[in-house]
Amino acid sequence: MTAVPEVDDPGVTTEAPRSLWRDRRALGWAFATGVSAVGDEIWYVALAFTAAQLGNAALAGLVLACATIPRALLTILGGALTDRFDARRMMIGADLARIVVLAGALLALAATGVSAGLLMVVGLLFGVADAFYGPASGAFPRQLVRRTELVRLSALRQLLDRLAGVLGAPLGGLVLVAWGLGGAMLLDLISFAVVLVVLVAVRPRWPLARSTGSTVRTDIRDGLNYLRLTPKVRDLVITLSGLNVFVSPVVAVGLALHAVGSGWGGVGLGWLTAAMGGGAAIGTLIVLKWRPERPLRAAVLLLFGQAASLALVGNAGYAATLGGMVVVGVVAGLASPMLSGAFQATVDEEYIGRVGSVLSLTDDALMPLTMVGFGLLAQLLGLGTAALLFAGGFIALLLYALSRPHVRDLRIPDERNS
């Protein structure tokens, strides 16, 4: 498949500061997405609480699932369109769609009041928008900052996302009490409007090569073939896909089971979760300054410490488990931006949307299965054994990554936008 650079945007320039901290475009976009993340947290809290008030747990689960179903079904299409057209324009279109959806929902809410149907329709439409916004958002940094700044930009965005989670969730509760569901919708709409304004103002610095297949279906097939036939990208995707598969079930399900079984209560579980969040923030702050020559190797080596800490769940007392969760968080904060930045720098630019969408789909598809699988293992073999098995699987994945020279020795190239 021949790829051609897209050069029809008159705003494309070739100037970029050497340091991210002097880059107004990149910083403006990152902080705008942080504002949007706060709005999303407010909306999700309001959505979950309102859904729970409308009926039983099954109805609440159905309402929340409505946002994930279209994203899972359409994310590959979103990745193909990102590679075929333009990431920035895709984000602008998805943002406009979100604003229109929320504006319509506010009118419907004022006319008919809250209903499960309204919440499900909003969730479905948001899921559709996410399927197109997500791949575009993953591709846009390659057009905005030098390759050597991709890890740092990824770290900044993740730090802002974590802060959004800390601030947005309690703020969502306060907004719900003060102004109800409509207030949460309005604030989320305003946050999307902020991102829209910034996206209109922030133009890319470099064009990306674009897929030129005869049809979108051809582009999707070509992207899957690229992933299958490109060892460095295939092994990187395998490594990234396995991280959440082994880590999330232990910390999401295992910690709760450990807290209940050991009598630590909700407060004890809260401190364990806070230890991970605080550690992740510390790790992300460190990686904003630290730039290893081989980011993938550094990240994989750090993740061995995370794997060892997972083995403590169900097998250690509270103090050791708390310390282990600090390690899990710090390593996540360090390794995740390195992995994300290396991914964006490694994948050929005309495929970055499609490969990113495959990675997202893999996470969405495997996570529910591994959550259930971990719970069954904990019930059949005991929590400690289940945690050890998942930690062992994680270590095997990391050893596989280290055995692949193009993963182990990868350096972020200092070329073009570097």
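Quick caveat, the model's predicted, so the values are computed rather than measured. (Residues numbered from 1 in each chain as written. Predicted model: local features only at pLDDT ≥ 70, side-chain atom pairs only at ≥ 80, totals over all residues. Heavy atoms only, no water.)

1. Some thoughts on the environment of Ala-319
To keep it simple, the criterion reads: Secondary structure elements follow DSSP: runs of H or I of four or more residues count as helices, runs of E of two or more count as strands, with numbering from the N terminus.
Within the secondary structure, Ala-319 sits in helix α12 (residues 318-346). Sequence separation between Ala-319 and Leu-272 is 47 residues; the distance between their C-alpha atoms is 9.8 Å.

2. As for the UniProt feature "transmembrane region" (unreviewed entry) in the protein chain
Convention followed: UniProt positions are given in the numbering used here, feature names are shortened, and annotations may be inferred rather than shown by experiment.
Annotation from UniProt places "transmembrane region" (unreviewed entry) at residues 26-46, 58-80, 185-202, 236-257, 269-288, 300-333 and 376-402. Overall, residues 269-288 shows 95% helix and 0% strand. The separation of its end C-alpha atoms is 29 Å. Secondary structure across residues 300-333 comprises 79% helix and 0% strand; the distance between its end C-alpha atoms is 13 Å.

3. Quick word on the pattern of salt bridges
To keep it simple, the criterion reads: Salt bridge, as used here: a side-chain nitrogen of Lys or Arg that lies within 4 Å of a carboxyl oxygen of Asp or Glu.
Enumeration over the complete set of coordinates arrives at eleven salt bridges. The salt bridge involving Arg-142 is made with Glu-349; its shortest N-O contact spans 3.7 Å. Residue Arg-142 is found in helix α6 (residues 141-144), and its partner Glu-349 is found in the loop between α12 and α13 (352-381); the two are separated by 207 residues along the sequence. Here the salt bridges do not stand alone but share partners, grouping Asp-83, Asp-222 and Arg-354 into one network.

4. Topic: the domain arrangement of the protein chain
Which entries qualify depends on this criterion: Domain start and end points were adopted from an automatic or database domain assignment. Here, residues are in contact when the closest pair of their heavy atoms is within 4.5 Å. The term buried area means the drop in 1.4 Å probe accessible area that two parts suffer when joined, counted for both and summed. Counting of polar contacts relies on pairs of N or O atoms within 3.5 Å, with two restrictions inside protein: one atom must be capable of donating a hydrogen and the other of accepting it, and residues adjacent in sequence are counted only when both atoms are side-chain atoms. Each residue gets one of three labels, nonpolar for Ala, Val, Leu, Ile, Met, Phe, Trp, Tyr, Cys and Pro, charged for Asp, Glu, Lys and Arg, and polar for the others, Gly among them.
Segmentation of the protein chain into domains returns domain 1 (20-201) and domain 2 (216-409). If you average the C-alpha positions of domain 1 and of domain 2, the two centres end up 23 Å apart. Tallying the contact residues gives 29 residues for domain 1 and 34 residues for domain 2. Roughly 2600 Å² is buried in total at the junction of domain 1 and domain 2, and carbon and sulfur atoms are behind 59% of that figure. Three residues, Ile-76, Asp-83 and Arg-142, lead the burial of domain 1 against domain 2; their summed loss comes to 22% of the area buried on that side. Summed over the shared surface of domain 1 and domain 2, the number is three salt bridges. Taken together, the links from domain 1 to domain 2 amount to ten residue pairs in polar contact (both at pLDDT 80 or more). Of all the elements in the fold, those that place two or more residues in the side of domain 1 that touches domain 2 are α3 (68-84), α5 (116-139), α6 and α7 (150-201). Examining the composition of the side of domain 1 that touches domain 2, we find that eleven residues originate from one element, α3, more than from any other. Considered class by class, the residues forming the side of domain 1 that touches domain 2 number 14 nonpolar, seven polar and eight charged.

5. Quick look at a nonpolar patch on the surface
Going by this rule: In this analysis, a patch consists of residues with relative accessible area above 30% that form no salt bridge, clustered at 9 Å for like charges and at 5 Å for the nonpolar side chains Val, Leu, Ile, Met, Phe, Trp and Tyr. Calculation of accessible area relied on Shrake-Rupley with a 1.4 Å probe; when residues are assessed, cover is drawn exclusively from the protein chains displayed. Relative accessibility under 20% of the residue-type maximum defines a buried residue, over 50% an exposed one, and the middle range a partly exposed one, all with a 1.4 Å probe and only protein chains included.
Taken together, Val-372, Leu-376, Leu-380, Leu-381 and Leu-389 make up a surface patch of nonpolar side chains, about 510 Å² in accessible area. The element that contributes the greatest number of residues to the nonpolar patch is α13, accounting for four residues. Residue Leu-380 is classed as exposed on the basis of its relative accessible area, which comes to 69%.

6. A closer look at the side chain of Gln-306
Looking at the secondary structure, you find Gln-306 in helix α11 (residues 295-310). A distance of 2.9 Å separates a polar atom in the side chain of Gln-306 from the backbone oxygen of Val-328. Setting aside chain neighbours within four positions, we find Gln-306 in contact with Val-247, Val-328, Val-331, Ala-332 and Phe-394.

7. As for the nonpolar core
Stated formally: Residues belong to a common nonpolar core when they are buried Ala, Val, Leu, Ile, Met, Phe, Trp, Tyr or Cys residues joined through side-chain atoms within 4.5 Å.
Membership of the largest hydrophobic core comes to 113 residues, with the highest contact counts inside it found for Met-325, Val-355 and Phe-394. Here this core gets 18 residues from one element, more than from any other, and that element is α7. Among the domains, domain 1 (20-201) and domain 2 (216-409) are the pair contributing at least three residues each to this core. Ignoring sequence-local partners within four residues, the contact set of Met-325 consists of Val-251, Leu-255, Leu-272, Ala-275, Met-276, Ser-309 and Val-313.

8. What about the confidence of the model for the protein chain?
Quick note on the threshold: As a per-residue quantity, pLDDT reports the predictor's confidence and falls between 0 and 100.
Looking at the protein chain as a whole, its pLDDT mean stands at 86, while 92% of the residues score no less than 70. Element-level mean pLDDT values for the protein chain span from 42 in strand β1 (residues 3-5) up to 94 in helix α4 (residues 87-112). Every residue in residues 1-11 scores below 50 in pLDDT, and together they form 34 contacts with partners more than four places removed in sequence or on other chains.

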